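# Structural features, examined
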Amino acid sequence: EMGMGSVTEEIYYLLYMAYKGNKDNDPESLQKAKGYLEKGFGMYPNSNKILESLTELYPQIGEDPRKIMTAVEDAVRSNPDDADMWGSLGVLYAMIGDTDKAIETFKRQVVHNPDSYSATNTIGVMDIQKADAIMAEINGQINSYAGQEEYDAAMMSVYNLYSEAVPYLEEAHRIFPTNVGTVELLKQVTFRVRDFDGMQAKYDQYNALLNQMLGRQ
């Protein structure tokens, strides 16, 4: 049987859901939802449900994730088996641009919930984005390399990172096999590393599957 405290905690969450559900009719709805969640968080700072809701809401309204970062990190330390809280922390790291921490945190989420499409797909996407950024940096400083060997070594590190995305995207595809976006990413990334062992066959597989999903001949 719920005590009064837990009932009150639930009320803040339900008010958040009600205002969130009304966002199409009321432009101020999400701000009102934030107000209730932050009030609830002030009263119940250990509430995982309120913390997860704040983490979901903040990206939608451009709120500074650092406001709840410490609380979410503390929640993860207190309950390290909570896959959803690891996911919430990963979202916050991604919001502040800490890609490495975000990837590692989403990997922890996958340990506790191997069937999370969101986590596995996000890891693959972030690996690709990280590789893209490094490649742009390399190409922007191409004249700074001592020679072809040094340039090739730098590029190989990028291709290795692209290849690291593949198993996570394949897991995401296993979990959500009808998602076209994941298949398209798999086609693109396997093409980039097609000279790696087995990747040409994977490219052929996902290219054919994408054509089939899009109704192409």
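Presented here is a report on the structure given in the accompanying data block. Each chain carries its own residue numbering, running from 1 in the direction its sequence is written. At least 70 in pLDDT is required for a residue's local features to be given in this predicted model, at least 80 for side-chain atom pairs to be given and counted, and no such filter applies to totals for whole chains, interfaces and linings, which use all residues. In computing side-chain values, all of the structure's heavy atoms are included and hydrogens and water are not.

The subject of this paragraph is the packing of helix H4 (residues 66-78) against helix H5 (residues 83-95). At their nearest, the axes of H4 and H5 sit 9 Å apart, and the two run at 150° to each other. It follows from the interaxial angle that H4 and H5 lie roughly antiparallel. The handedness of the crossing between H4 and H5 comes out as left-handed. Where H4 abuts H5, its residues Ile68, Met69, Val72, Glu73, Ala75 and Val76 lie against Met85, Trp86, Ser88, Leu89, Leu92 and Tyr93. Along the lines of polarity and charge, the residues of the contact of H4 with H5 split into ten nonpolar, one polar and one charged. To define axes, lines are fitted to C-alpha atoms, for helices over the stretch in contact only, and angles between the resulting N-to-C directions are given on a 0 to 180 degree scale. In this text, helices come from DSSP runs of H or I with a minimum length of four residues, and strands from runs of E with a minimum of two, each type numbered from the N-terminal end. Working definition: roughly parallel below 35 degrees, roughly antiparallel above 145 degrees, roughly perpendicular at 65 to 115 degrees, and oblique for all remaining angles. Crossing handedness: left-handed means the near helix sits turned counterclockwise from the far one by under a right angle, and right-handed means the same turn made clockwise. Here, two residues are considered to be in contact whenever any of their heavy atoms come within 4.5 Å of each other. Each residue is assigned to one of three groups, with Ala, Val, Leu, Ile, Met, Phe, Trp, Tyr, Cys and Pro labelled nonpolar, Asp, Glu, Lys and Arg labelled charged, and all others, Gly among them, labelled polar.

As for its position among the elements, Ala119 is in helix H7 (residues 117-140). Taking C-alpha positions, Ala119 is 17 Å from Pro59, a pair spaced 60 residues apart along the chain. Each residue touching Ala119, except ones within four places of it in the same chain, is listed here: Phe106, Gln109 and Val110.

The geometry of helix H3 (residues 48-61) relative to H5 is characterised by a closest axis approach of 10 Å and an angle of 30° between their N-to-C directions. By the angle between their axes, H3 is roughly parallel relative to H5. The chirality of how H3 crosses H5 is left-handed. On H5, the residues touching Asn48, Leu51, Glu52, Thr55, Tyr58 and Pro59 of H3 are Asp84, Met85, Ser88, Val91, Leu92 and Met95. When grouped by side-chain class, the residues that make up the contact of H3 with H5 number seven nonpolar, three polar and two charged.

Next up on the list: the packing of aromatic side chains. What describes a pair of aromatic rings is the distance from one ring centre to the other and the angle between the planes of the rings. Whether two aromatic rings pair depends on their centres lying within 6.5 Å, for rings of Phe, Tyr and Trp, where Trp uses its six-membered ring; planes under 30 degrees apart make the pair stacked, over 60 edge-to-face, and the rest tilted. In this structure the tally under the stated criterion is six aromatic pairs. On the basis of an interplanar angle of 50° and a centroid distance of 6.4 Å, the ring pair of Tyr13 and Tyr16 is categorised as tilted. Note that Tyr13 and Tyr16 are positioned in helix H1 (residues 4-21) at a spacing of three residues, about one turn of the helix. On the basis of an interplanar angle of 75° and a centroid distance of 5.1 Å, the ring pair of Tyr117 and Phe176 is categorised as edge-to-face.

Inspection of the secondary structure puts Glu170 in helix H8 (residues 148-175). Any N or O atom pair separated by 3.5 Å or less is treated as a polar contact, with the protein-specific requirement of one donor-capable and one acceptor-capable atom, and with residues adjacent in sequence counted only for side-chain atom pairs. Only 2.7 Å separates the side chain of Glu170 from the side chain of Tyr206, close enough to count as a polar contact. Leave out the neighbours within four places in its chain, and Glu170 touches Leu186, Lys202 and Tyr206.

Counting through the fold element by element, Ser116 comes out in the loop between helix H6 (99-112) and H7. Residues in contact with Ser116, not counting those within four places in the same chain, are Gln109 and Ile175.

What follows concerns helix H9 (residues 180-192). Multiplying 1.5 Å by the residue count of a helix minus one yields the expected span of that helix. In this model H9 runs 19 Å from its N-terminal to its C-terminal C-alpha over 13 residues, within 8% of the 18 Å that 1.5 Å per residue would give. Throughout, exposure labels follow a simple rule: accessible area from a 1.4 Å probe, protein chains only, divided by the maximum for the residue type, with under 20% read as buried, over 50% as exposed, and the rest as partly exposed. Buried within H9 we find Thr182, Val183, Leu186, Val189 and Thr190. Seen along its axis, H9 keeps its buried residues to an arc of 135°; they face one direction. Against H7, H8 and helix H10 (199-213) lie the buried residues of H9. You can read the cap of H9 off the contacts: a side-chain oxygen lies 3.0 Å from the backbone nitrogen of Gly181, and it is on Asn179. The arc in question is traced by the directions running from the helix axis to the C-beta atoms.

Assignment of secondary structure puts Pro65 in the loop between H3 and H4. By relative accessible area, Pro65 is classed as buried at 6%. Separated by 27 residues in the primary sequence, Pro65 and Leu92 place their C-alpha atoms 5.8 Å from one another. When near neighbours in sequence (up to four residues on either side) are disregarded, Pro65 contacts Tyr58, Leu92, Met95 and Ile96.

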